[in-house]
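# Overview (structure and organization)
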Amino acid sequence: MEVKTSLLDNMIGVGDMVLLEPLSEETFIDNLQKRFSHNEIYTYIGSVVISMNPYRSLPIYTADKVEEYRNRNFYELSPHIYALSDEAYRSLRDQDKDQCILITGESGAGKTEASKLVMSYVAAVCGKGHEVNKVKEQLLQSNPVLEAFGNAKTVRNDNSSRFGKYMDIEFDFKGDPLGGVISNYLLEKSRVVKQPRGERNFHIFYQLLSGASEDMLKKLKLGRDFSKYNYLSLDSATVNGLDDAANFRTVRNAMQIVGFLEDEVQSVLELVAAVLKLGNIEFKPESRANGFDESRVKDKNDLKEMCELLGIEQLVLERAFSFRTVEAKMEKVSTTLNVAQAYYARDALAKNLYSRMFSWLVNRINESIKAKTKARKKVMGVLDIYGFEIFEDNSFEQFIINYCNEKLQQIFIELTLREEQEEYVREGIEWTNIEYFNNAIICELIENNQNGILAMLDEECLRPGTVTDETFLDKLNTVCAEHQHFESRLSKNSKFLTDHSLPHNCFRIQHYAGKVLYQVEGFVDKNNDLLYRDLSQAMYKANHSLMKLLFPEGNPAKVNLKRPPTAGFQFKASVGTLMRNLQTKNPNYIRCIKPNDKKAAQVFSESLVSHQVRYLGLMENVRVRRAGYAFRQAYEPCLERYKMLCKQTWPHWKDLARKGVEVLLKDLKVPEEEFSYGRSKIFIRNPRTLFFLEERRRQCLEDLATLIQKIYRGWKRRTHFLLLKKSQVVVAAWYRRYAQQQKYQKIKSSTIVVQNISLSKNVLSFILLRDGSMQKYFFDLKNTMPSMSPIDKSWPARPFLFLEGTHQQLRSIFHLWRCKQYRDQFTEEKKAIYEEKLEASKLFKDKKALYPSSVGQPFKGDYLDINKNPKYQKLNIVMDEKLLLADVINKVNRANGKGASRIFLLTKKNFVLADQKTGQVKASIPLPDLSSVSVSSHNDGFFALKLKQGTASAAKGDFLLSSDRLIEIITKLHRTGAASSDREPLSVDISDEFLVQFKQDKVCVKFVQGGPKNGNSVTCKRKNNRLLEVSVPPP
Ligand SMILES: Nc1ncnc2c1ncn2[C@@H]1O[C@H](COP(=O)(O)OP(=O)(O)OP(=O)(O)O)[C@@H](O)[C@H]1O
Ligand SMILES: [Mg+2]
């Protein structure tokens, strides 16, 4: 939120007209217009508030605003009606000064609204509590009641106050409200019976007809239709934006809060209804014998109903409309009334009835809101009186109203000057006389007891003989002819003789606010304000709770032959009292200005405003205020505001504020005639000096703002940098932690890998612990490694006992690795050879004594070079398969056991026996026909190839063969079987006794150990039909 310390801050135009440079009506109006267009409706002239009617609701009356202005000095914030209200209230509460708030301005300028704003502000800031709140509520709620009965729509204002109002709000010593007193001035009662075009009667008539229940209307003998009532003009019966029915409820509610009893409300409404009925009574002439017309009530129904409402005897009232009794010197004379007189009497009664009821209402409200204590009270008076009025036709009412405004203007000038003077005295400043227009001379013209206009009028009214408005004007023409402010065509002052703007039946007064032409017609009647005694007596006799109070003069017991005081006299007296009252109080002014005639928001009519500025005397007001010193300010706020302009006073001044201001002004070289030092304030003569200070301040503030910005920016950057730095440390710490975590994870997973390749815990711990002895162990081991031969069984001794496990494992790992290395160097062929060797070992190792001798022999397979030997070409043809083995072997003769050489060929599918010399094939046996092979366990080369029973080969019988390369032959035979998918591997039986099938005979082959004489040779002998014995050398 923007913080203000002075009204000079962010001003639109100037907030105080005193500061206008140059000062002219034009600049004055321009300033008003500029501010108005920015919704700044309040402007000061010193301590006077000018208020422009915005004709729309502005958000400047909120509770927050009240708080903003509360307890703040007048010039601290933008101009506002709250500032004035606060100043007045605090001055009342804290300095015990009675206050009055004078609100002036023309009709529709916003006086009533302003008075309500003042009251609501004071209500908001003064004390709280149950009783206090009740009082406040009653004071505030008196407004809707008085507005309903005293306000009406006029061409100028939809809610125009048709009475003057002065309300004293009373407070106790603490500033809590105690109660109040309302005075009312001259209700415009002529409105009751007749309203100008485009205007309405008082609101209450319309509110009652629109808002009352059917039941109530029936009781009051009324109908809802406005058009049935002569007193209600029809052309503006409804007003835009006015909800009469809702307002009626508000008024009833307000009356209840203020303290009206139900009976009283009912009585008041009966009176309102009676006035409406009265307006409907019509008269007709009835000729009398004396030749005069006498009036008679035409249709008695309305008369009857009215009498019923007020409890009046119908006949009495009827008679009062036909006759008039004049009492003179104890004699009673009765004269008849003609129709015109009867209407006059009817309207006079209606006007009196209504205006007296209004006064009763005010008194009744006063009774309710009256302070309940006799203790001394502090008073704040709020005056909301009709403003200066100039119509086309101005009559007695305007004369009275304008007189009242003259008085107010006078008091305004007097008090303003007095205040100014008092301030100078108080502050010890020399007083210089101020020239200004004093309107006392106009007041004199009107109110002078000897030859004032009001006195002349009264004189005429009281004078015996024929009295007319014309005789009154004649009198004025004689008495006031020389007066500077009086103008009349027929006056003795010849300069107006030819003034055609001055009709003969008029007089003109040069008021302070302009010239006003008054029609003299009606002055005498209105001043007399006569109500025929017969009517007041009829009213007095009424059987109604209010009537006796309203028409006390109708009491026959108190017949007073003295004429009642005239309206003019009464008004003058009450204005006199008011003025005296106001003079005892500290005045506060609100001068309301109407921006346009259309009741429109944001329309500024320059001519209308300048007219008001002129007649409100605002320019004079500024001049008076500026005559001495244009601006004044207490030393403390002044020093506070400008101290930055001087090195000595900035930033802190330790001495008295006054001395500080002196130093400051000297330093700034402000000419001495431009200021005076008062006791508590500095007085500045010209606005330009103030503006000079303000301009310097503005520049200085800019520099200061730059400085502040600079420091702030530096601070902000530095804070940001420090934050970044701090963040960087945090980020780095986190990153380091993260990186270490990653590293750790890597080490951990590496460890797991090491463990997974079966490194012992000890080895691992060695790696991890980098133990020196472990390192040495491994280095030593490297140098003492055994050979790469898989059969090398050597392994260095272990150096430490604790390495036993590791040592053994390393040995095993090394051996496995060495074997792998060994294997890896094998070619496919070599691998096949070794596989055969492995197979041979599986078949024969430790089972046959011949085996060890075969281990060192390579299994060549083809020992005959069959392909190259031309001898064996025939055999090539036999073999369509790859040759696995070709060798010469012995075929054992079945008959004698002797051997014969044969070529033995082996392919994947069969084996062939052929003649060694010729190469002729003796037998070719498919391998699937073989059932098994039998060998002995000895160191011999015999083997039997057994054929499957039933095969074609079996017919030849099993083969008994012998070869030194038995191991290779059988291994290859066995492998061909194992490699073939359609055959079982050839079974190899190792036994020293087995059967062979030789054609039909089964012969047992038995192996025996030969004696020493046999030597190392193997012999085979047929022992008998059934036995073949093979003797083998001993092992
Ligand atoms: N401060 C304001 N904010 C909004 N509207 C306002 C303000 N002041 C006046 N008005 C409007 O202007 C209208 C006329 O104002 P108000 O009745 O106070 O005038 P007035 O000076 O009392 O006139 P009169 O002399 O006829 O009684 C109000 O009904 C309201 O609509
Ligand atoms: Mg008003």
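Here the structure is a predicted model, which is why all the values come from computation and not from measurement.

What counts, and where the lines are drawn
Residues numbered from 1 in each chain as written. Chains lettered and ligands numbered in written order. Predicted model: local features only at pLDDT ≥ 70, side-chain atom pairs only at ≥ 80, totals over all residues. Heavy atoms only, no water. Helix = DSSP H or I, 4+ residues; strand = E, 2+ residues; numbered from the N terminus. Rg over C-alpha atoms; globule rule 2.2 N^0.38 Å. Contact = heavy atoms within 4.5 Å. Areas by Shrake-Rupley, 256 points an atom, 1.4 Å probe, with all protein chains shown as cover. Lys, Arg positive; Asp, Glu negative; His and termini not counted. Charge placed at Lys NZ, Arg CZ, Asp CG, Glu CD. Disulfide = S-S within 2.5 Å. Buried < 20%, exposed > 50% of the residue type's maximum accessible area, 1.4 Å probe, protein only. Near = heavy atom within 4 Å. Polar contact = N/O pair within 3.5 Å; in protein donor to acceptor, adjacent residues only side chain to side chain. Donors = N, O, S within 2.8 Å, 3.2 Å for Na, K, Ca; no water. UniProt positions renumbered as here; feature names shortened; annotations may be inferred. Pairing = 2+ DSSP bridges. Patch = residues over 30% accessible without salt bridge, like charges linked within 9 Å, V, L, I, M, F, W, Y side chains within 5 Å. Salt bridge = Lys/Arg side-chain N within 4 Å of Asp/Glu carboxyl O. Phe/Tyr/Trp six-rings, centres within 6.5 Å; stacked < 30°, edge-to-face > 60°. Axes fitted to C-alpha atoms, helices over the stretch in contact; angles between N-to-C directions. Parallel < 35°, antiparallel > 145°, perpendicular 65-115°, else oblique. Expected span 1.5 Å × (residues − 1). Arc of directions from axis to C-beta.

## Re the overall build of the protein chain
- The secondary structure content of the protein chain amounts to 33 helices and 31 strands.
- For 1035 residues, the compact-globule formula gives about 31 Å, and the C-alpha radius of gyration of the protein chain, at 70 Å, lies well above that figure.
- Summarising its shape, the C-alpha atoms of the protein chain cover approximately 210 × 85 × 60 Å along the three principal directions.
- Look at the contacts in the protein chain between residues 6 or more apart in sequence, and 63% of them connect residues 24 or more apart.
- For the protein chain, the exposed surface amounts to about 51900 Å²; the carbon and sulfur share of it is 52%.
- Distance between charge centres in the protein chain, computed from 154 positive and 127 negative side chains, equals 15 Å.

## Brief notes about the state of the cysteines
- As enumerated under the stated definition, the model contains zero disulfides in all.
- Cys100 supplies the cysteine sulfur nearest to Cys126, a cysteine that is in no disulfide, at a spacing of 19 Å.
- For Cys126, a relative accessible area of 3% corresponds to the buried category.
- Cys404 supplies the cysteine sulfur nearest to Cys443, a cysteine that is in no disulfide, at a spacing of 10 Å.

## A short note on the site of ligand 1
- Of all residues adjacent to ligand 1, which total 17 residues, the nearest are Ser107, Gly108, Lys111, Thr112 and Ser160.
- Here Lys111 contributes a side-chain N or O atom positioned 2.6 Å from an oxygen atom of ligand 1.
- Within the side chain of Ser160, an N or O atom sits 2.6 Å from an oxygen atom of ligand 1.
- Coverage of ligand 1 by the protein chains reaches 85% of its 630 Å² of free accessible surface.
- Those elements that provide at least two residues to the shell around ligand 1 are α4 (111-125) and β5 (160-161).

## A few points about the coordination of the magnesium ion (ligand 2)
- Bound to the magnesium ion (ligand 2) on the protein side are Thr112 (OG1) and Ser161 (OG), at distances that span 1.9 to 2.0 Å. With a gap of 49 residues between them, Thr112 in helix α4 and Ser161 in strand β5 connect regions that are remote in the sequence. Of the two residues examined, Thr112 and Ser161, each falls in the buried class.

## As for unusual backbone geometry
- That bond from Glu21 to Pro22 is cis: its omega, -10°, falls within 30 degrees of zero.
- Tracing the sequence through the fold places Pro22 in the segment before α1 (25-37).
- Following Trp650, the chain continues to Pro651 via a peptide bond in cis, the omega torsion being 0°.
- Mapping Pro651 onto the fold places it in the loop between α24 (635-642) and α25 (657-667).
- You will see that Lys669, though not glycine, has its phi angle at about 60°, which is positive.
- The exposure class of Lys669 is exposed, given its relative accessible area of 70%.
- Phi is positive for Asp846, which is not a glycine, with a value near 65°.
- Here Asp846 is to be found in the loop between α30 (828-844) and α31 (851-855).
- With a relative accessible area of 75%, Asp846 lands in the exposed category.

## Here's the deal with the UniProt feature "binding site: ATP" (unreviewed entry) in the protein chain
- Taken from the UniProt record, the annotation "binding site: ATP" (unreviewed entry) applies to Gly105, Glu106, Ser107, Gly108, Ala109, Gly110, Lys111 and Thr112.
- On the secondary structure map, Ser107 appears in the loop between β3 (99-104) and α4.
- For Ser107, a relative accessible area of 8% gives the class buried.
- When neighbours within four sequence positions are excluded, Ser107 is seen to be in contact with Thr154, Arg156, Asn157, Ser160 and Lys594.
- Within the secondary structure, Ala109 is located in the loop between β3 and α4.
- Residue classification places Ala109 among the buried residues on the basis of a relative accessible area of 0%.
- In this structure Ala109 touches Ser51, Asn53, Cys592, Ile593 and Lys594, once residues within four positions along its chain are discounted.

## Structural notes on the environment of Lys284
- With respect to the secondary-structure elements, Lys284 resides in strand β8 (residues 283-287).
- Exposure remark for Lys284: the relative accessible area of 36% places this residue in the partly exposed category.
- In this structure Lys284 touches Glu294, Ser295, Arg296, Val297, Lys298 and Val339, once residues within four positions along its chain are discounted.

## Examining the pairing of β8
- Where β8 lies against strand β9 (residues 293-297), five bridges are found, and the strand directions are antiparallel. Following the sheet pairing, Lys284 is matched in β9 by Arg296.
- Where β8 folds back on β9, the antiparallel hairpin that results is connected by five residues, among which Gly291 adopts a positive phi of roughly 90°.

## A word on the side chain of His80
- Tracing the backbone shows His80 in the loop between α2 (63-69) and α3 (81-95).
- At 2.9 Å, the side chain of His80 forms a polar contact with the backbone oxygen of Ile60.
- Among residues more than four places away in sequence, those in contact with His80 are Tyr42, Tyr44, Val49, Ile60, Tyr61 and Tyr69.

## Let's talk about a positive patch on the surface
- Judged by side-chain charge, Lys134, Lys370, Lys372 and Lys374 come together as a positively charged surface patch.
- You can see Lys372 is positioned in the loop between α13 (339-369) and β12 (378-384).

## With respect to the packing of aromatic side chains
- According to the stated counting rule, one finds 39 aromatic pairs in the structure shown.
- Between Tyr206 and Phe226, the ring centres sit 5.3 Å apart and the planes meet at 85°, which makes this aromatic pair edge-to-face. Of this pair, Tyr206 sits in helix α7 (residues 203-211) while Phe226 sits in the loop between α8 (214-219) and α9 (244-258), and the two are 20 residues apart along the sequence.
- Its relative accessible area of 0% is what places Tyr206 among the buried residues.

## Details of the packing of α7 against α9
- Closest axis-to-axis distance for the α7/α9 pair is 7 Å, and the angle between their directions is 100°. With respect to α9, the axis of α7 lies roughly perpendicular. Across the interface between the two elements, Tyr206, Gln207, Leu208, Ser210 and Gly211 from α7 touch Asp244, Ala245, Asn247, Phe248 and Val251 from α9.

## Some remarks on helix α28 (residues 772-783)
- Helix length check: α28 (twelve residues) gives 17 Å between terminal C-alpha atoms against 16 Å at 1.5 Å per residue, within 8%.
- Burial in α28 covers these residues: Met774, Tyr777 and Leu781. One side of α28 holds all its buried residues, which, seen down the axis, span an arc of 55°. The outward face of α28, more than 90 degrees from its buried face, is lined by the exposed residues Lys776, Lys782 and Asn783.

## Remarks on the sheet that holds strand β30 (residues 1019-1024)
- With mixed pairing, four strands are arranged side by side in an open sheet as β28-β29-β31-β30. If you trace the sheet from one side to the other, it starts and ends with β28 (993-998) and β30, each paired once. With strand direction ignored, the average angle separating the axes of adjacent strands in the sheet is 25°.
- Where strand β29 (residues 1001-1009) lies against strand β31 (residues 1027-1032), six bridges are found, and the strand directions are parallel. In the sheet register, Val1005 faces β31, and the bridge partner there is Leu1028.

## A look at the sheet that holds strand β14 (residues 506-511)
- The three strands are arranged β13-β14-β15 in an open sheet whose pairing can be described as antiparallel. A single partner strand is all that each edge strand has here, and the edge strands are β13 (486-487) and β15 (514-519).
- Across the sheet, helix α17 (residues 469-479) touches β13 and β14, and the angle it forms with β14 is around 45°.

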